[in-house]
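# Coordinates in review
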Amino acid sequence: MSRIKNISVPNPCPHLADFKSKHGPNPFRDLQNCIRARPMGRASIFRAENEVPCCSSCPTRAHPRLYACITCAGVSCHAHALAHPHAIAVDVDRAELYCWQCGDQVYDPDFDAAVLAAAAPNSGSFLSLPPPSLPWKRRRVEYCPWEPGPAERALIEENSTPIAQPRPGPSPDVDPGSGQSPPLGLRGLNNLGSTCFMNSVLQALVHTPPLRNYFLSDRHNRYFCLKRRNGNESGLVKGRKGNGNEDGKMNLCLACDMDALFSAIFSGDRLPFSPAKLLYSWWQHAANLATYEQQDAHEFFISMLDGIHEKVKDLSKMQSQGSGDCCIAHRVFSGILRSDVMCMVCGFTSTTYDPCVDISLDLEPHPLAKVGAHKSQKSCSGEADTMNLSFNSRTSTLTGCLDRFTRPERLGADQKFFCQQCQVRQESLKQMSIRKLPLVSCFHVKRFEHSSFRNTARKLDRYVQFPFSLDMTPYMSSSILRSRFGNRLCSFVGENQDVPDELSSEFELFAVITHTGKLNAGHYVTYLRLSNQWYKCDDAWITQVSESIVRAAQGYMMFYVQKTFYYKASQTQIAS
């Protein structure tokens, strides 16, 4: 047995090979007209509408499994099929091949492609997998260390300023009990008046590996950007003069403010920084949120990415027209969701694709019940989990929420789907999946529940267990389709883009944003993973914490980065 693209491919059946050699290049052409689709992609064999298949030798008896010969179309039960002269048959209920000589199921890519083409004619074309002897090409990213050459060193020394080394001893905003100097880039942010929602998101964005590499490599220079926006070399001076509110608003750029924030965070200064300029620019971008009241961290995150996109997309269009990489925000956080709506009568499927920069997850439903102390003692941090699990009958998990997100959902009677094949509105099933994974996946847990009937809102104080390493393969469209259509040795056209390799489907947790308190009066805190050590960023205060405290935190937003960009080795600073 060989393996192709993480799929176990059994050895070929000699009797099936003999059948195909005798019946030409398309031996399953007649069988394809007998395939009927059922909801969720399952296929079965019927030769006529409303036909009830039965064994030709014992037609009056009911049998759980029936087999139709693909040579003579005779139907037999398991007992009488052993005496049938032909070896290859098809399971009537499952549309899967069975060899009586081998006594086992057999798999053929051409047969599976014919079954899927008949069961889901609107889902695209189907291709047979390559023979087992051909290795499947796997996209790999090799990490090679880089060192500047003599000419590059001279250019760096001439055009750059060395980063100031941190003062020896513990920093004032880091717990003195840690006994070691924190990594570079760990700096607190002052609260400017109920702006903990902004500080928590900014800490996560600053330490997002692809975003950090982009800004620290000067891919977006705020001085050059201002000159380009003003359209002349003296734009830096004219931009400071301003020509009213409209001109001042045109000169604001959230990407430039992020570039200034990165420069300040990685300057080596450990004193807390005040992001007042960035807050003002964000107020201009989101005028409806320009108050000193507490805002939602998730809403600020979406608004920040949208603001960066608006300012950077025009410059990116000039550099890469039509490439799809419109801005750094989408190159890092943007993925593609697939939505399938299936008719429950004929099995017709309508598929749509939508871009997304994060995935909002509903908490797993469960009956409310008082939990004893013995359950809360099993957690990593007893005090935190006793409060969070006091009204839980079981612990919710991030993987459980993802399972619920990708699980088929039956739409209500008021949401009937217009089936193009039935030409009427029918009951339907809807299923979500992830077609394309982003470099950084942000998961948002819906903790704020709004009731339109009572016109009230409340916060869901429930603990969600999240893993430090996450494999996204089960939630990909390719995995969902294979589970839906069964064990088929074929693939969709273009499925190679959906199937991730072993590296890109595995993610590592690097930031967690938590919310404590009530709906209208709470506080946001960020936990960061730097140099394989966790730090708690509470506005201006930064303390080193243990892994158990992070696991016990009530996660609101979780940030995962592909393992391709995550290195567990300690980040060592080389002082020149």
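Only a predicted model underlies this, so the values are computations on that prediction, with no experimental measurement involved.

### A few points about the nonpolar core
If you look at the biggest cluster of nonpolar residues, it comprises 58 residues, and the most contacted ones within it are Met258, Trp282, Phe300, Phe301, Ile308, Phe333 and Phe559. At 8 residues, helix H6 (residues 196–206) tops the list of elements feeding residues into this core. Leave out the neighbours within four places in its chain, and phenylalanine 300 touches Phe197, Met198, Val201, Leu202, Leu278 and Trp282. One finds Cys401, Met432, Ile434 and Tyr475 within the second-largest nonpolar core, a separate group that totals 33 residues.

### Let's talk about unusual backbone geometry
Here the phi dihedral of serine 194 falls at roughly 55°; this positive angle occurs in a residue that is not glycine. Note that serine 194 resides in the loop between helix H5 (150–159) and H6. Look at serine 194 and you get partly exposed, because its relative accessible area is 35%. If you check the backbone angles, serine 531 has positive phi at about 50° while not being a glycine. Mapped onto the secondary structure, serine 531 falls in the loop between strand E26 (522–530) and strand E27 (533–538). Judged by its relative accessible area of 24%, serine 531 is partly exposed.

### Let's talk about the packing of helix H11 (residues 254–265) against helix H12 (residues 276–285)
The interhelical angle for the contact between H11 and H12, taken along N-to-C directions, is 165°, at an axis separation of 9 Å. Compared by their axis directions, H11 and H12 come out roughly antiparallel. Note on packing geometry: the crossing formed by H11 with H12 is left-handed. Facing Leu254, Asp257, Met258 and Leu261 of H11, the residues of H12 in contact are Lys277, Leu278, Ser281, Trp282 and His285. Taken together, the residues of the contact of H11 with H12 sort by class into 5 nonpolar, 2 polar and 2 charged.

### A closer look at the environment of cysteine 13
Locating cysteine 13 in the fold gives a position in the loop between strand E2 (7–9) and helix H1 (14–22). Residue class for cysteine 13 comes out buried when judged on its relative accessible area of 9%. Note: C-alpha distance between cysteine 13 and glutamine 101 (88 residues apart in sequence) is 9.6 Å. Excluding residues within four positions of it along the chain, cysteine 13 makes contact with Cys99, Cys102 and Val106.

### Describing the packing of helix H7 (residues 209–216) against H11
Interhelical geometry of H7 versus H11 gives an angle of 90° and a closest axis separation of 10 Å. In terms of orientation, H7 and H11 fall into the roughly perpendicular class. Residues Leu211, Arg212, Phe215 and Leu216 of H7 lie in contact with H11, whose contacting residues are Ala255, Met258, Asp259 and Phe262. Across the contact of H7 with H11, the residue classes break down as 6 nonpolar, no polar and 2 charged.

### What to know about the packing of aromatic side chains
One pass over the structure, following the stated rule, counts 15 aromatic pairs. Look at phenylalanine 301 and phenylalanine 559: their rings are 5.6 Å apart centre to centre, the planes differ by 80°, and that puts the pair in the edge-to-face class. Here phenylalanine 301 is found in helix H13 (residues 297–319), whereas its partner phenylalanine 559 is found in strand E29 (residues 555–562), with 258 residues between them in sequence. A single burial state applies to phenylalanine 301 and to phenylalanine 559, both of which are buried. Seen from their ring centres, phenylalanine 510 and phenylalanine 559 are 6.2 Å apart, and the 55° between their planes marks the pair as tilted.

### Points about the side chain of serine 433
With respect to the helices and strands, the residue serine 433 is situated in strand E18 (residues 428–436). The residues contacting serine 433, other than those within four sequence positions of it, are Leu337, Arg338, Thr406, Tyr475, Met476, Ser477 and Ile480.

### A word on the sheet that holds strand E7 (residues 88–91)
Strand order across the open sheet formed by 5 strands is E6-E5-E7-E8-E9, with antiparallel pairing between neighbours. In this open sheet, the two strands that pair with only one neighbour each are strand E6 (75–77) and strand E9 (104–105). Pairing of E7 with strand E8 (residues 97–99) involves 3 bridges; the strand directions are antiparallel. Among the inter-strand pairings, isoleucine 88 is bridged to a residue of E8, identified as cysteine 99.

### A short note on the sheet that holds strand E11 (residues 335–343)
Here we have 4 strands laid out as an open sheet, ordered E12-E11-E18-E15, and antiparallel in their pairing. Edge positions in the sheet fall to strand E12 (349–356) and strand E15 (409–410), since each has one partner strand and no second. As defined by bridge partners, E15 adjoins E18 across 2 bridges and the pair is classed as antiparallel. Across the sheet, arginine 410 pairs through a bridge with leucine 429, a residue of E18.

### Describing the confidence of the model for the protein
With 69% of its residues at a pLDDT of at least 70, the protein reaches an overall mean of 75. Throughout residues 124–139 the model reports pLDDT below 50, and contacts reaching past four residues in sequence, or to other chains, amount to 39 contacts. Every residue in residues 493–502 is under pLDDT 50, and counting partners more than four places away or in other chains gives 23 contacts.

### Section: the pattern of salt bridges
Summed over the entire model, instances satisfying the criterion amount to 11 salt bridges. Across the pair arginine 187 and aspartate 269 runs a salt bridge whose closest N-O atoms are separated by 3.3 Å. With arginine 187 in the loop between H5 and H6 and aspartate 269 in the loop between H11 and H12, the pair connects residues that are 82 residues apart, well separated along the chain. Among the salt bridges present, the one from arginine 404 reaches aspartate 362, with a minimum N-O distance of 3.9 Å. One end of the pair, arginine 404, is in helix H17 (residues 398–405); the other, aspartate 362, is in the loop between strand E13 (359–361) and helix H15 (373–376), and 42 residues separate them in sequence. On the basis of relative accessible area, arginine 404 is assigned to the partly exposed category, the value being 32%. Of the residues examined, aspartate 362 reaches a relative accessible area of 37% and is grouped as partly exposed. Three or more residues are tied together by salt bridges with common partners; here these are Glu506, Glu508, Arg529 and Lys563.

### Concerning the environment of alanine 204
Summarising the element assignment, alanine 204 is placed in helix H6. Looking at alanine 204, the relative accessible area reads 0%, which means it is buried. As for alanine 204 and methionine 557, which are separated by 353 residues in sequence, their C-alpha atoms are 9.9 Å apart.

### Concerning the pairing of E18
Of all 9 residues in E18, 7 are buried; the element is thus mostly enclosed. Where E11 and E18 come together, 8 bridges link them in antiparallel fashion. Looking across to E18, one finds that aspartate 340 is bridged to glutamine 431.

Analysis parameters
Residues numbered from 1 in each chain as written. Predicted model: local features only at pLDDT ≥ 70, side-chain atom pairs only at ≥ 80, totals over all residues. Heavy atoms only, no water. Core = buried A, V, L, I, M, F, W, Y, C linked by side-chain atoms within 4.5 Å. Buried < 20%, exposed > 50% of the residue type's maximum accessible area, 1.4 Å probe, protein only. Helix = DSSP H or I, 4+ residues; strand = E, 2+ residues; numbered from the N terminus. Contact = heavy atoms within 4.5 Å. Axes fitted to C-alpha atoms, helices over the stretch in contact; angles between N-to-C directions. Parallel < 35°, antiparallel > 145°, perpendicular 65-115°, else oblique. Left-handed = near helix turned anticlockwise from the far one by under 90°. Nonpolar A, V, L, I, M, F, W, Y, C, P; charged D, E, K, R; others polar. Phe/Tyr/Trp six-rings, centres within 6.5 Å; stacked < 30°, edge-to-face > 60°. Pairing = 2+ DSSP bridges. pLDDT = per-residue confidence, 0-100. Salt bridge = Lys/Arg side-chain N within 4 Å of Asp/Glu carboxyl O.

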